[in-house]
Amino acid sequence: MEAFFVLLAIPLLGGPFLWLLGDRRSAPEVNAALSLATFAASAWLTAVVISGGPITAWNEQFFVDALNVFLVALTAFVGFTTSLFSRPYMRIEREKGKMTGPRLRLYHSMYQAFMFTMLLALTTNNMGILWVAMEAATLATVLLVSVYRTAASLEAAWKYFILCGVGIAQALFGTILLYFAAERVLGAEGNALLWTHLNLVKADLEPAIMSLAFVFLLVGYGTKIGLVPLHNWLPDAHAEGPTPISAVLSGLLLNVALYSVIRCKVLADGALESRFAGNMMMGFGLLSVVVAAFFLSRQRDVKRMFAYSSIEHMGLVTFAFGMGGPIANFAGLLHMTVHSLVKSAIFFAVGHAAQKAGTQLMEDIRGLIKVSPTVGWGLMIGTLAILGMPPFGVFASEFLILTTAMREHPWATPFLLLALGVAFAAVFSRVQPMVFGDTHIKPLPHQPALVPVFVHLGLGLLLGLYIPPYLAAWYAEAAKLLG
Amino acid sequence: MSPLTGQILNLFASVLLLIAFAMLAQRRIVTLINLFAIQGLALVGSTVTVAWATGQRHLYYSAGITLVLKVVILPFILHRLIRRLNVKWDIETLINIPTMMLVGIVLVVFAFNLALPISQFSQSIARGTLGIALACVLMSFLMMITRSKAVPQVIGFLAMENGLFFAATSATYGMPMVVELGIALDVLVGMIILGVFMFQIREQFDSLDIHHLEKLKED
C-alpha cells in the first residue's frame, strides 16, 4: 500500500520540484537521486509482491500482479540508469551549445513527469486511467523531442504529437467500447473499467463489441508501440531528440504500450473464444518485423537505424504474444526485458559516439575503438546482443519464439528467419566500420558515462545464461495469465 | 427514455454531424474556431439531455467540464493564439470542397455500418448516435489529413476528441468521473503544449505551413 504511494509520489512531486529548482549545477544530481529513490521504491514494491503475492490498493484503483511487477522494476531501473547517463551527456551537450539552462530545466522536470506517467500506466487497474497515462506520456516527451529547436527536431516532434495523438484517440474509442461492453455486465459503477473486475467477467462480455473494441485498442496503442504501418513517428522522434530520450522511448514507452495491448488481449480472448485478437497481433507483428528489417539496411543515421531495430523487436514480441501459449508468452516477456536493457545500453553508447564524431551519420563515425575502447566495445557488444548472438538474453527469447513459430505456425518461420538475417547483415555491416577502422574522432571534454552501458549488457548476458528462479516463476505465471 | 428526449438527443447528434461537415469545408481559421465552440455547445446540450433523461448526476458535472473547457477555455486559447501568431485571416487554399464533402458522406455511411452491430446493444438511447459519433471522429481525422496549416490540424484534433466524448455519453452515459477528469486534463495540457509548439515552429520557419515539416523522409 505505502509502496504504491511512494513509487508514484516521488516522480510526481519530483517534476515540479526540478522545475522550481531551475538550472542549478545540482539539478542533474537531484534528477538522478530522485530516479534512484523511485527505483528503491519499485524494489520495495517488488519485495512486497514476492512475499505476499498480488496486491491492490486504493479501492482497487492500483494493482500489481505477476505481469506488471517486473515491468515496474525494469522501468524504474532503466529510468535510473538513463538519468545517470544523461548527467555527462547533457553536460557535453551544454558545452557544445546545444542545450541551454532553460532547456535543461524543462528536460529534467519532464523526465520525472515521463517516469510518473510510465509507472502510473503500469500500476493502474483502471483501463481509462491507463489511457490517460499513455496520452500524458506523449505530452511529457513531445517538448523533449523538439528540445534542440532545429527544423528536423520540430518536425519530428510535430509528427510524434499528431500521429500519437490520432492513434491514442482510436484507443480512447476502444476504451469507450470496452466500457460499453463492461457496463452491460458490471453495471454503470466506477468498477466497470477496473481490469481485475473485467478479468473475472470477461467470458460474459459481448463478443461483437469486444472484437471492435480490440481493433481500436490495438491500432491505438499499436501506434505507440510503433507497429508498421503506424510507425512513422518513431524513427524521427528517436533520431532528432536527445539520446537519453531515445533510450527511454525505446526501452520504456514501447514496452508500456505493448503491456497495454496485452492487458486488452486477455479480455478480448476471454470474450471472443476465438483466435481473433491473437491473429491480429501476429499479423501486425510479422509485418513490423519484415518491413523494419528491410528499412534497417537503408538507414544512414545511427539512431534512426536503431529505432528501426526497436520496431523490429517490438514486432517480434507482438508476434510472440499473438501466438500465445505458455512458451511464446514466456519468450515475449523475456524479450521485452532484455530488449529494453540492451537497446537502452546501445543508445547510451551511440549517444557518446555521436558526440565524439559530432554527427549521427554512420559514414562519418569511424574507429571508435582507437579513441575510446569502452564506447567502441559497448557499441559492438550491444549490437551483437541485440542481433541475437548467443549467449545474450535476446538469443534465448528469439530462439524460443522461433521454435514455437516453427511448431505452431510454420508458414511464418521463413519470414521471421529472413527478417532476422537481413537485420543482422544490415546492422552488423554498419556498426563494424564504426567501431574498427581508421579514425579522426576527438576525445570528449567529460568522462562519458559507461557504467550504465555495461551494467545493462551484463544483465542482458545474465538473462541469457541464467534467469533467477523468482523471475522465471513470474514470467511463467504471467504467461499463464495471458493464456 | 421517452421518445421526446430521444428526439432531442438525435437533434443534437445531427447538429454535431452538420458541424463536422461544415468544418471539413471551412477555409477560414477564425470561423473554424467558432464552429468548434458551437460543436462544444451541442455536446453540452446532448450531455445535459442524457443526464436529465437518465438521472445520472455525474453527467451534469461532465457537461459542466465540457462547457468550461470546450466552449470557453479552448476557443479562447485558440483565438488568442491566432491573434498573437497573426494568422487570424488566413485562408487555406488547397482544399477541394466538393470532393471533401463526397468523401465525408462515404465516411458517414462507413461509420454507420461499422456501428450497426453494436448499436443494437444500446438499451435506451436513439440508435444512430454511436454511428454519428464515429462519423464525427472519422471526419475530423480526414480534416487533419487534408489540412496543411498547423492551427486547422489542431482544431481537427480537438474536434475528434469531441466526437469521442459524444460516443462516451451517448453509448455509455459517460465514463467514470476520474477518467473524464483525466481526459479533460490531458486535452488542456495538450492544447497548451501545442500552443508553445506553434510559436517554436513559426520562429523556425516564419510560417505555420506544415509543408515545411516534410523533410524527414525515407530515401
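Residues numbered from 1 in each chain as written. Chains lettered and ligands numbered in written order. Predicted model: local features only at pLDDT ≥ 70, side-chain atom pairs only at ≥ 80, totals over all residues. Heavy atoms only, no water.

A. Representation of the overall build of chain A in the model. Helix and strand counts for chain A stand at 19 helices and two strands. Expressed as lengths along the three principal axes of its C-alpha atoms, the size of chain A is roughly 65 × 55 × 45 Å. Each of the 483 residues in chain A was classed as buried or not, and the buried ones make up 67%. Within chain A, residue pairs in contact and separated by at least 24 positions form 81% of the contacts whose partners lie at least 6 positions apart. Carbon together with sulfur atoms contributes 67% to the accessible area of chain A, which is approximately 14800 Å² in total. (Helix = DSSP H or I, 4+ residues; strand = E, 2+ residues; numbered from the N terminus. Buried < 20%, exposed > 50% of the residue type's maximum accessible area, 1.4 Å probe, protein only. Contact = heavy atoms within 4.5 Å. Areas by Shrake-Rupley, 256 points an atom, 1.4 Å probe, with all protein chains shown as cover.)

B. Structural view of the pattern of salt bridges. Residues and elements named next belong to chain A. This model, assessed by the stated rule, comprises ten salt bridges over all chains. Measuring nitrogen to oxygen at the nearest pair gives 2.6 Å for the salt bridge that ties D236 to K159. Of this pair, D236 sits in helix α9 (residues 233–240) while K159 sits in helix α6 (residues 151–186), placing them 77 residues apart in sequence. For D236, a relative accessible area of 1% gives the class buried. The shortest N-O distance in the salt bridge between K265 and D269 comes to 2.9 Å. Remark: D269 and K265 occur in helix α10 (residues 243–272); sequence separation between them is four residues, near one turn of the helix. Members of the salt-bridge network, linked through shared partners, are K159, D236 and R304. (Salt bridge = Lys/Arg side-chain N within 4 Å of Asp/Glu carboxyl O.)

C. Broad picture of the confidence of the model for chain B. Residue and element names in this part refer to chain B. Per-residue confidence for chain B gives a mean pLDDT of 86, with 95% of residues at or over 70. Summarising per-element confidence for chain B, the mean pLDDT is lowest in helix α7 (residues 177–205) (86) and highest in helix α2 (residues 29–54) (92). Taken together, the chains of this predicted complex give a pTM of 0.94 and an interface ipTM of 0.92. (pLDDT = per-residue confidence, 0-100.)

D. Summary view of the interface of chain B and chain A. Chain B puts 47 residues into the contact, and the matching count from chain A is 51 residues. Between chain B and chain A the total buried area reaches about 4400 Å² when both faces are included, carbon and sulfur atoms providing 74% of it. The tally of links from chain B across to chain A stands at zero salt bridges. At the junction of chain B and chain A, the tally comes to two residue pairs in polar contact (both at pLDDT 80 or more). Sorting the residues of the side of chain B that touches chain A by element identifies α4 (97–119), α5 (129–146), α6 (150–172) and α7 of chain B as the ones contributing at least two each. A total of 15 residues in the side of chain B that touches chain A trace back to one element, the largest contributor, which is α7 of chain B. Of the residues that constitute the side of chain B that touches chain A, the class distribution is 31 nonpolar, ten polar and six charged. (Buried area = accessible area lost by both parts, 1.4 Å probe. Polar contact = N/O pair within 3.5 Å; in protein donor to acceptor, adjacent residues only side chain to side chain. Nonpolar A, V, L, I, M, F, W, Y, C, P; charged D, E, K, R; others polar.)

E. Structural detail: the packing of aromatic side chains. Residue and element names in this part refer to chain A. Using the criterion set out here, one finds 20 aromatic pairs over all chains in the structure. Here the aromatic residues F4, F5, W58 and F62 are joined through ring pairs into a cluster of three or more. If you follow R105 out to its NZ or CZ, it ends over the ring of W19, 4.2 Å from the centre. Its guanidinium or amino end placed over the ring of W195, R263 lies 4.3 Å from that ring's centre, counting from NZ or CZ. (Phe/Tyr/Trp six-rings, centres within 6.5 Å; stacked < 30°, edge-to-face > 60°. Lys NZ or Arg CZ within 6 Å of the ring centre and 35° of its normal.)

F. Just the environment of V68 of chain B, in detail. Residues and elements named next belong to chain B. Structurally, the position occupied by V68 is in helix α3 (residues 57–84). Given the relative accessible area of 46%, V68 is considered partly exposed. Along the chain, V68 and V44 lie 24 residues apart, while their C-alpha atoms are 9.9 Å from each other.

G. Quick look at the layout of surface pockets. Of the voids in this model, the largest pocket is the one considered here, and its volume is about 970 Å³. Forming the walls of the largest pocket are 39 residues, and the residues nearest its centre are I162, L163 and N232 of chain A together with F141 and I145 of chain B. Elements that contribute at least two residues to the lining of the largest pocket include exactly α6, α8 (207–225), α9 and α12 (302–323) of chain A together with α4 and α5 of chain B. Looking at the lining of the largest pocket, the element that brings in the most residues is α6 of chain A, giving eight residues. Its residues assigned to classes, the lining of the largest pocket comprises 22 nonpolar, nine polar and eight charged. (1 Å grid on protein atoms, 1.4 Å probe; cavity = no way out; pocket = protein on both sides within 12 Å on 5 of 7 lines; lining within 4 Å. Points joined across faces, edges and corners; volume = space filled by probe spheres on them.)

H. Structural view of a nonpolar patch on the surface. Residues and elements named next belong to chain A. Residues L462, L465 and Y466 make up a contiguous nonpolar surface patch of about 320 Å² in total accessible area. Of note, Y466 is situated in the loop between α18 (451–465) and α19 (469–482). For Y466, a relative accessible area of 48% gives the class partly exposed. (Patch = residues over 30% accessible without salt bridge, like charges linked within 9 Å, V, L, I, M, F, W, Y side chains within 5 Å.)

I. Representation of helix α3 (residues 66–95) of chain A within the structure. All names here are of chain A. Look at α3: 45 Å from first C-alpha to last across 30 residues, which is about the 44 Å you get at 1.5 Å a residue. The axis of α3 is deflected most strongly, by about 30 degrees, at S86, and proline P88 appears within four residues downstream. Most of α3 sits out of view: 24 of its 30 residues are buried. The N-capping residue of α3, defined by a side-chain oxygen 3.0 Å from the backbone nitrogen of L67, is D65. Two residues or fewer past α3, G97 is found with a positive phi of approximately 85 degrees. (Expected span 1.5 Å × (residues − 1). Bend = angle between axes of the 7 residues up to and from the residue.)

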